[in-house]
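Observations on the three-dimensional arrangement
Each chain is listed here by its residues.
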Amino acid sequence: DTEVTQTPKHLVMGMTNKKSLKCEQHMGHRAMYWYKQKAKKPPELMFVYSYEKLSINESVPSRFSPECPNSSLLNLHLHALQPEDSALYLCASSQEILSSYNSPLHFGNGTRLTVT
Amino acid sequence: AQTVTQSQPEMSVQEAETVTLSCTYDTSESDYYLFWYKQPPSRQMILVIRQEAYKQQNATENRFSVNFQKAAKSFSLKISDSQLGDAAMYFCASTAWLSQGGSEKLVFGKGTKLTVNP
């Protein structure tokens, strides 16, 4: 069982839709992450939240809007996406943002997003 | 830019045998960490093993061990007594410092798909 829960597991949306991906962890971790993974590629970092504040934005287009309502929840709001945004979106958490060795990432099972 | 290279897109091993997955990296940092993650069909990325670059001793976790050659910037993963449940995509990763946020991120290799044959 994964300790990081992502919903939904699968999502199909049109280019004019607005949808949200959700991520939840109850390990008391203070850093949460969004990664994007295209088929047969490694994950790529999108956003990092530390203590509920956006710490890192890896030059992600504004059609992706992250939100951290509290220390356990992380959302990714999607609007006006393109077909090339179809991918697996992985959420992860860690105890702290720094020193990834002592605070390894715990990943969820991801949301498979298809943009039509 | 920091890079991680996995030269074997696919590998296969017989059950109960040993297999070694290769990884090389390029970094200008003096302090960094290295990781192996596995991603089975369930899609979850699972930490397999980690290594601190300043430690010469190779990390070991049960059937998983690494051969860390710092001068050669090599970090291979050895899986002993392979099991069917070891079948997955394996990603090698290295930390890279970010000027933004004063933090670090993981840089992943492209992955090696491991098949375990019964």
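Report follows, based on the coordinates. The residue numbering used here restarts from 1 in each chain and proceeds along that chain's sequence as written. Key to labels: chains lettered from A, ligands numbered from 1, both in the order written. Residue-level local features of this predicted model are given only where pLDDT is at least 70; pairs of side-chain atoms are given and counted only at 80 or more, and the full residue set underlies all totals for whole chains, interfaces and linings. To get the side-chain values, all heavy atoms of the structure are used, and hydrogens and water are removed first.

1. A few points about the pairing of strand S5 (residues 33–39) of chain B
Residues and elements named next belong to chain B. Put simply, the test is: Categorising residues by exposure relies on relative accessible area from a 1.4 Å probe, with only protein chains included: less than 20% of the type maximum marks a residue as buried, more than 50% marks it as exposed, and the intermediate range marks it as partly exposed. Helix and strand assignments follow DSSP, with helices taken as H or I runs no shorter than four residues and strands as E runs no shorter than two, numbered in order from the N terminus. Should DSSP find at least two bridges between two strands, the strands are taken to pair.
Among the 7 residues in S5, 7 count as buried, and that is most of the element. With burial as the criterion, each face of S5 is covered, one bearing Tyr33, Phe35, Tyr37 and Gln39 and the other bearing Leu34, Trp36 and Lys38. Between the end of S5 and the start of strand S6 (residues 46–52), which pair antiparallel, lie 6 residues, with Arg43 showing a positive phi angle near 85°. Summarising the sheet, S5 and strand S10 (residues 88–98) pair through 6 bridges and their orientation is antiparallel.

2. Brief notes about the interface of chain A and chain B
Quite often, the size of an interface is put as the accessible area lost when its parts meet. Operational definition: A contact between two residues is defined here by any heavy atoms of the two lying within 4.5 Å. Defined in terms of a 1.4 Å probe, buried area is the accessible area two parts forfeit on being brought together, summed over both. In what follows, salt bridge is the name for a side-chain nitrogen of Lys or Arg lying within 4 Å of a carboxyl oxygen of Asp or Glu. For the purposes of these results, a polar contact is taken to be a pair of N or O atoms within 3.5 Å, where, inside protein, one atom must be able to donate a hydrogen and its partner to accept one; residues adjacent in sequence count only when each atom of the pair is a side-chain atom.
Each partner contributes residues to the interface: chain A has 30 residues there, and chain B has 26 residues. Both sides of the chain A and chain B interface together cover about 2300 Å² of buried area, and 54% of this is carbon and sulfur. At the junction of chain A with chain B, the criterion picks out 1 salt bridge. The closest approach of N and O atoms between Glu58 of chain A and Lys105 of chain B, which form a salt bridge, is 2.7 Å. Run the count over chain A and chain B and you get 6 residue pairs in polar contact (both at pLDDT 80 or more). Secondary-structure elements contributing two or more residues to the side of chain A that touches chain B are strand S4 (31–37), strand S6 (53–57), strand S9 (87–94) and strand S11 (111–115) of chain A.

3. Some words on the state of the cysteines
Short version of the rule: The disulfide definition used here is simple: a pair of cysteine sulfur atoms within 2.5 Å.
Enumeration according to the criterion identifies 2 disulfides over all chains in this entry. Each sulfur of the disulfide joining Cys23 of chain B and Cys92 of chain B lies 2.0 Å from the other. Between Cys23 of chain B and Cys92 of chain B, the S-S dihedral sits near -70°, and the bridge is therefore left-handed. Highlighted residues: Cys23 of chain B in the loop between strand S3 (19–21) and strand S4 (24–26) and Cys92 of chain B in strand S10, separated in sequence by 69 residues. Like Cys23 of chain B, the residue Cys92 of chain B is buried in the burial classification. Left unpaired, Cys68 of chain A is separated from the closest cysteine sulfur, that of Cys23 of chain A, by 9.3 Å. On the basis of relative accessible area, Cys68 of chain A is assigned to the buried category, the value being 12%.

4. Digging into the side chain of Gln25 of chain A
Residue and element names in this part refer to chain A. Note that Gln25 resides in strand S3 (residues 18–25). You can call Gln25 buried: its relative accessible area is 1%. The residues touching Gln25, leaving out its near neighbours within four places in the chain, are Glu3, Val4, Met32, Ser71, Ser72 and Ser93.

5. Here's the deal with the pairing of S11 of chain A
Residues and elements named next belong to chain A. The side-chain alternation of S11 yields one buried face, formed by Thr111, Leu113 and Val115, and one unburied face, formed by Arg112 and Thr114. In terms of strand pairing, strand S2 (residues 10–13) meets S11 through 4 bridges, oriented parallel. Its bridge partner being in S11, Leu11 is matched across the sheet by Leu113. Pairing of S9 with S11, which is carried by 3 bridges, proceeds in the antiparallel orientation. Pairing of Leu88 across the sheet is with Arg112, part of S11.

6. Remarks on the layout of surface pockets
Put simply, the rule reads: For cavity detection a 1 Å grid was placed over the protein atoms alone, and a set of points counts as a cavity when a 1.4 Å probe fits there but cannot get out; an open set counts as a pocket when protein lies on both sides within 12 Å along at least five of seven lines, with lining residues being those that have an atom within 4 Å of a point. Grid points are joined across faces, edges and corners, and a volume is the space filled by probe spheres set on the points. Classification used: nonpolar for Ala, Val, Leu, Ile, Met, Phe, Trp, Tyr, Cys and Pro, charged for Asp, Glu, Lys and Arg, polar for all others including Gly.
Of the voids in this model, the largest pocket is the one considered here, and its volume is about 630 Å³. If you trace the largest pocket, you find 23 residues lining it, with Ala39 and Lys40 of chain A together with Gln39, Met89 and Lys113 of chain B closest to the centre. Counting only elements with at least two residues in the lining of the largest pocket, the list comes to S10 and strand S12 (112–117) of chain B. Top element by residues in the lining of the largest pocket is S10 of chain B. It accounts for 3 residues. For the lining of the largest pocket, the class distribution of residues is 11 nonpolar, 4 polar and 8 charged.

7. Quick look at empty space enclosed by the protein
Summed over the entire model, instances satisfying the criterion amount to 2 cavities of 30 Å³ or more. Roughly 70 Å³ of volume is contained in the largest cavity. Taken together, 10 residues line the largest cavity, and the ones lying closest to its centre are Tyr33 and Leu105 of chain A together with Glu104, Lys105 and Leu106 of chain B. Counting residues per element, the ones that place at least two in the lining of the largest cavity are S4 and strand S5 (44–50) of chain A together with strand S11 (103–108) of chain B. The element that contributes the greatest number of residues to the lining of the largest cavity is S11 of chain B, accounting for 3 residues. Of the residues in the lining of the largest cavity, the class split is 7 nonpolar, 1 polar and 2 charged. In terms of lining, the second largest cavity is formed by Arg30, Ala31, Met32, Tyr49, Tyr51, Glu52, Cys68 and Ser71 of chain A. By residue class, the composition of the lining of the second largest cavity is 5 nonpolar, 1 polar and 2 charged.

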